[in-house]
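Notes for the structure review
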Amino acid sequence: MNIQINGEWREVRAADLAAALAELGFADAVIATAVNGEFVPAASRAAAALAEGDRLEVLAPMQGG
Amino acid sequence: MLTLYDVSVRSRLLLGTARYPSPAILTEAVKASGAQVLTVSLRREAAGERAGQAFWSIVRDLGVRVLPNTAGCHTVKEAVTTAHMAREVFGTSWVKLEVIGEEDTLQPDVFALVEAARILCAEGFEVFPYTTEDLIVAERLCAAGCRVLMPWGSPIGSGHGLNNLFGLKALRARFPGVPLVIDAGIGVPSHAAQALELGFDAVLINTAVSQAADPARMAAAFAQAIAAGREAFLAGPMEPRDMAVPSTPAVGTALLR
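An account of the accompanying structure is given in this report. (Residues numbered from 1 in each chain as written. Chains lettered and ligands numbered in written order. Predicted model: local features only at pLDDT ≥ 70, side-chain atom pairs only at ≥ 80, totals over all residues. Heavy atoms only, no water.)

A short note on the interface of chain B and chain A
With 29 residues of chain B in contact, the opposing surface of chain A contributes 28 residues. A combined buried area of about 2400 Å² lies between chain B and chain A, and 59% of that area is made up of carbon and sulfur atoms. Summed over the three residues of chain B that lose the most area to chain A, namely Arg 44, Met 85 and Glu 88 of chain B, the buried surface amounts to 27% of that side. In this structure, the connection of chain B to chain A is made through four salt bridges. In this structure, Arg 44 of chain B engages Glu 57 of chain A in a salt bridge whose closest nitrogen and oxygen atoms are separated by 2.7 Å. Put simply, chain B and chain A have 18 residue pairs in polar contact (both at pLDDT 80 or more) between them. Of all elements in the fold, only β4 (37-44), α2 (51-62) and α3 (76-90) of chain B reach the threshold of two or more residues within the side of chain B that touches chain A. (Contact = heavy atoms within 4.5 Å. Buried area = accessible area lost by both parts, 1.4 Å probe. Salt bridge = Lys/Arg side-chain N within 4 Å of Asp/Glu carboxyl O. Polar contact = N/O pair within 3.5 Å; in protein donor to acceptor, adjacent residues only side chain to side chain. Helix = DSSP H or I, 4+ residues; strand = E, 2+ residues; numbered from the N terminus.)

A look at the packing of aromatic side chains
Residues and elements named next belong to chain B. This model, assessed by the stated rule, comprises three aromatic pairs over all chains. Ring centres of Tyr 5 and Phe 128 lie 5.2 Å apart, and the angle between their planes is 50 degrees; this geometry places the pair in the tilted category. Residue Tyr 5 is found in the loop between β1 (2-4) and β2 (7-9), and its partner Phe 128 is found in strand β9 (residues 126-131); the two are separated by 123 residues along the sequence. Taken together, the ring pairs in this structure connect Tyr 5, Trp 94 and Phe 128 into an aromatic cluster. The ring of Phe 175 carries the charged tip of Arg 174 above its face, separated from the ring centre by 4.9 Å. (Phe/Tyr/Trp six-rings, centres within 6.5 Å; stacked < 30°, edge-to-face > 60°. Lys NZ or Arg CZ within 6 Å of the ring centre and 35° of its normal.)

The structure is reproduced here in structure tokens:
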């Protein structure tokens, strides 16, 4: 299915968030995730089913003031 | 010692991590500053680049406490969601709460700020709200559960120092027991010294250090100014006067006319 990752359309085979992150190369990364604007804690990723057109945000530590 | 949400720190300089020429210079500046609290943020990560992972490893090696911000958020929902994500990534309940209301000045939307602070404090976050010097907003933030306030000196990144001395002095006088951190607009060490002389508990600095020609040297200069300003506050500065007062005693002056 096609979903948006950080604003870019990607095709993924995974059906849940945890599998999608692994497929996209984020398996061991320090990240936080949101789907369609709602925070999905790390412990809930495997249970978070993805659907066509979902908007996924993958955020990581960055410089800030 | 400065106590922020039951955590004691020696340094009254909180340092931002953005806009340094390189990660190595960031590290040097942090060490030179003596800062024990660094602000950090969350941004989109590209799987191939992993810029965030590299940055986080540098910050972890510095062994300091981090204060994640909600920079770039314009609504209560964005700020609250960002705080949740930051708590998971950084493993801290501290959050520098920014809800921006206006692009030219980056002035906080204080109405949304108070609402977001109420939600986050109720959820157990320890909120450092980036606010203005407005007394009533400060009261509402304290009522919402904030135990630290971070008023701006002047707009973020402007380097104008303390724009509204009357308002900031009134804030200090009105909230004697609340740690007050001047969070924005500090341009040079004398601005920071002035904030500490007025009794503010700490300053948060980013651009003034990261955009200096020699960030590590400027960080050290800020550390000295902040230490001097704090000592001056504790020493009790004299009251200014409008007219001259001779410092040498007039009694016993020779008559030589």
